[in-house]
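# Commentary on secondary and tertiary structure
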There are 2 protein chains.
Amino acid sequence: MNYSNNVPRKPINAIDRLTSLFSRLPGLGKKSAGRLVYHILDSDPGYARSLGEELLAFHQAIKRCSRCGSYTELNPCAICSDESREPVLCVVERAQDVRVIEESKEFGGRFHVLGGVIAPLEGVNPEDLSIGELIARVRKEEIREVILAMNPTVEGDTTALYIQKVLKNTEATITRLASGLPVGGDLEYADRLTLSRSFRGRIRM
Amino acid sequence: MNYSNNVPRKPINAIDRLTSLFSRLPGLGKKSAGRLVYHILDSDPGYARSLGEELLAFHQAIKRCSRCGSYTELNPCAICSDESREPVLCVVERAQDVRVIEESKEFGGRFHVLGGVIAPLEGVNPEDLSIGELIARVRKEEIREVILAMNPTVEGDTTALYIQKVLKNTEATITRLASGLPVGGDLEYADRLTLSRSFRGRIRM
C-alpha cells in the first residue's frame, strides 16, 4: 500500500539533513548535533564553506602510508621518510595513536599501525591486522626493539602476547608500554586491575 | 626579521586543518575534534562528501523568515504560511528555540524570534532586537495572546518585562512561560515534559 498521498510527509530540509549527518559522529547526539548546526547558521558563511571544502577534498588528500599504515598526505609518510629515526618500532592499534605519541615527543623511532586488535568475537583475527608486514619490517629494517603500545585492554594484551610470539625468531627485543596509575590520578579512584598492574610493574627507586 | 628560512615550519596538513575547523564548534575541544576527524577518515568517503556538500550549500539553502525571523528554506516559513495557526504569538530568543517548541507539539500558534535578549553589558539594547516588528505583528495579525518564551535567566526576565511594557497598549494578553524550566538553564536542552508543564502553567503578567 502506498500512503504517500494520505500522510503528509514531514519535509526534510537542509537543517535536518546536516543535523542527521553530524549526529553520526562519535559523541554527538541529536541535540548536540543540532546545536552545532545552529552555531554554523549563526556563524559567518565562510566557515561552513571552508569546512565543506576541506571535507570534500579530505579523503582525496589523506592516504594511508604504504609502509607504516598511518594517515598521511605523502607516501611514504614524513616519519617513514626520515632516515634519522632510530631502528626502534612502536606498534600501535590505530593511526591516530601515532599522532598522540608524536605529540608527546617521548619517542624518536618509527611506527607500525596494526589497524586494530585481535578480537575473535568481533571477527577480527590476526590475519586481519598488518602483522605479516610487521614481521617483514622488523627483519628488513633491522629493528633493534619493538615497543608494543596497544591499549591496556584484554584485546590489547592478547594482541601483544600474539605479536611477542610471532616476533620471537627475530633479533628485536620486544617490550610493552608500562601500565599503572596515571600521573595526577588518585589512588582512591584507581580500578582494581590498574592497581594490580601498578603493583606488578613497580620499579626500584 | 624573517625566520622563515631558519625555523622549519610544521607542515599544516588536511588533518590539522579539519581538526582546527571542527574545534571552533561549541563543545568541541582539540581532542574531541581530532576524534571526529579520525572517525571521518575511518568512515566511508561518501560520508565526508555528503557532509561537505551539505555544508557548501548550507547558507545558500537556509534563510531567515522575513516575518518571524526563524531559519527556513522558504520565505515566509512553513509556520508563517500556515493560515490555520492560531493568532497566538510565542516570542523566543533564538531561531533554534522554534524547533524545540515545535517538536514538543505543545503549541499551535505562531512564532516571533527576537534575535537575542536585552543585555546592556554585552551591548545588546532593545533596538537591536526585533521588538518593533513584534509590536507591528501583534497589531496587524490581531494577536490574542503573546507568550513570552525567553529562557528563565536574568536577561530573559528583563527582556520579558520590557516587552510586556511595550505591548501594554495592544489588545493581546501577555503571558510568560511558567517555571518548570530550571533557572539558569537553556530552553534548547529542556525535556518535553518540562516544556509541556511550562506551557500549561504559563502566568499572566
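Notes on the structure follow. (Residues numbered from 1 in each chain as written. Chains lettered and ligands numbered in written order. Predicted model: local features only at pLDDT ≥ 70, side-chain atom pairs only at ≥ 80, totals over all residues. Heavy atoms only, no water.)

### So, the overall build of chain A
Looking only at helices and strands, chain A has eight helices and six strands in total. Listed N to C, the secondary structure of chain A is α-α-α-β-β-α-β-α-β-α-β-α-β-α in terms of helices and strands. A globule of 205 residues ought to have a C-alpha radius of gyration of about 17 Å, yet chain A, at 23 Å, is considerably larger. Each of the 205 residues in chain A was classed as buried or not, and the buried ones make up 40%. A separation of at least 24 residues holds for 48% of the contacts in chain A among residues at least 6 apart in sequence. Carbon and sulfur atoms provide 53% of the accessible area of chain A, an area that totals close to 12,900 Å². Taken as two groups, the 28 positive and 27 negative side-chain charges of chain A have centres that lie 4 Å from each other. (Helix = DSSP H or I, 4+ residues; strand = E, 2+ residues; numbered from the N terminus. Rg over C-alpha atoms; globule rule 2.2 N^0.38 Å. Buried < 20%, exposed > 50% of the residue type's maximum accessible area, 1.4 Å probe, protein only. Contact = heavy atoms within 4.5 Å. Areas by Shrake-Rupley, 256 points an atom, 1.4 Å probe, with all protein chains shown as cover. Lys, Arg positive; Asp, Glu negative; His and termini not counted. Charge placed at Lys NZ, Arg CZ, Asp CG, Glu CD.)

### As for the nonpolar core
Residues A:Phe22, A:Phe58, B:Phe22 and B:Phe58 are the most contacted members of the largest nonpolar core, which totals 42 residues. Counting residues per element, the ones that place at least two in this core are helix H1 (14–22), helix H2 (30–42) and helix H3 (45–61) of chain A together with helix H1 (14–22), helix H2 (30–42) and helix H3 (45–61) of chain B. When residues no more than four places from it in sequence are discounted, the contact partners of B:Phe58 are A:Ala14, A:Ile15, A:Leu18, A:Val37, A:Ile40 and A:Leu41. Counting residues in hydrophobic clusters, the runner-up holds 22 residues, among them B:Cys77, B:Val92, B:Val98 and B:Ala190. (Core = buried A, V, L, I, M, F, W, Y, C linked by side-chain atoms within 4.5 Å.)

### Focus on the packing of aromatic side chains
On inspection of all chains with the given rule, the structure shows four aromatic pairs over all chains. A centroid spacing of 5.9 Å and a plane angle of 35° characterise the contact between A:Tyr38 and B:Tyr71, whose relative ring orientation is tilted. Placement of the pair is A:Tyr38 in helix H2 and B:Tyr71 in strand E2 (residues 71–72), with the two residues belonging to separate chains. Residue A:Tyr38 shares its accessibility class with B:Tyr71, and that shared class is buried. (Phe/Tyr/Trp six-rings, centres within 6.5 Å; stacked < 30°, edge-to-face > 60°.)

### Details of unusual backbone geometry
Residues and elements named next belong to chain A. Between Asn75 and the following residue, Pro76, the backbone shows a cis peptide bond with an omega angle of 0°. Within the element layout of this structure, Pro76 appears in the loop between strand E2 (71–72) and helix H4 (78–81). The backbone of Glu142 shows a phi angle near 45°, a positive value even though the residue is not glycine. Note on Glu142: relative accessible area 65%, which makes it exposed.

### A look at helix H5 (residues 95–104) of chain B
Residues and elements named next belong to chain B. The buried count for H5 comes to seven of ten residues, which makes it a mostly enclosed element. Those residues of H5 that fall on the buried side of the exposure criterion are Ala95, Gln96, Asp97, Val98, Val100, Ile101 and Ser104. Positive backbone phi, at 55°, marks Lys105, one or two positions downstream of H5.

### Description of the interface of chain B and chain A
Between chain B and chain A, the contact holds 49 residues from the first and 48 residues from the second. The partner of A:Asp16 in a salt bridge is B:Arg99, with the nearest N and O atoms 2.9 Å apart. Linking chain B to chain A there are twelve residue pairs in polar contact (both at pLDDT 80 or more). Examining the composition of the side of chain B that touches chain A, we find that 14 residues originate from one element, H3(B), more than from any other. The residue makeup of the side of chain B that touches chain A, split by class, is 26 nonpolar, seven polar and 16 charged. (Salt bridge = Lys/Arg side-chain N within 4 Å of Asp/Glu carboxyl O. Polar contact = N/O pair within 3.5 Å; in protein donor to acceptor, adjacent residues only side chain to side chain. Nonpolar A, V, L, I, M, F, W, Y, C, P; charged D, E, K, R; others polar.)

### A closer look at H2(A)
An ideal rise of 1.5 Å per residue puts 18 Å on 13 residues; H2(A) measures up with 18 Å between its terminal C-alpha atoms. Among all positions in H2(A), only A:Ala33, A:Gly34, A:Leu36, A:Val37, A:Tyr38, A:Ile40 and A:Leu41 are buried. Contacts made by the buried residues of H2(A) are with H1 and H3 of chain A together with H3, E2 and H5 of chain B. (Expected span 1.5 Å × (residues − 1).)

### Description of the pairing of strand E4 (residues 110–113) of chain A
Residues and elements named next belong to chain A. Here E4 shows a buried face lined by Arg110 and His112 and a second buried face lined by Phe111 and Val113. When strand E3 (residues 88–92) meets E4, the two strands line up parallel, connected through four bridges. By the bridge assignment, Leu89 is partnered in E4 with Arg110. (Pairing = 2+ DSSP bridges.)

### Quick notes on the pattern of salt bridges
Residue and element names in this part refer to chain A. Evaluated as defined, the whole model comprises 23 salt bridges over all chains. A salt bridge links Arg85 to Glu102, with the nearest nitrogen and oxygen atoms 2.8 Å apart. Taken together, the positions of Arg85 in the loop between H4 and E3 and Glu102 in helix H5 (residues 95–104) put the pair 17 residues apart, joining distant regions of the chain. Judged by its relative accessible area of 14%, Arg85 is buried. Shared partners join several salt bridges into a network, and the residues in it are Asp82, Arg85 and Glu102.

### Examining the sheet that holds strand E5 (residues 145–148) of chain A
Residues and elements named next belong to chain A. As summarised here, the arrangement of the four strands in space is E4-E3-E5-E6, forming an open sheet in which the pairing is parallel. Sheet topology places E4 and strand E6 (173–176) at the edges, where each strand pairs with a single neighbour. The average angle at which neighbouring strand axes cross in this sheet is 25°, direction not considered. Across four bridges, E5 lies against E6 in parallel orientation. Each bridged residue has a counterpart across the sheet, and for Val146 the counterpart in E6 is Ile174. (Axes fitted to C-alpha atoms, helices over the stretch in contact; angles between N-to-C directions.)

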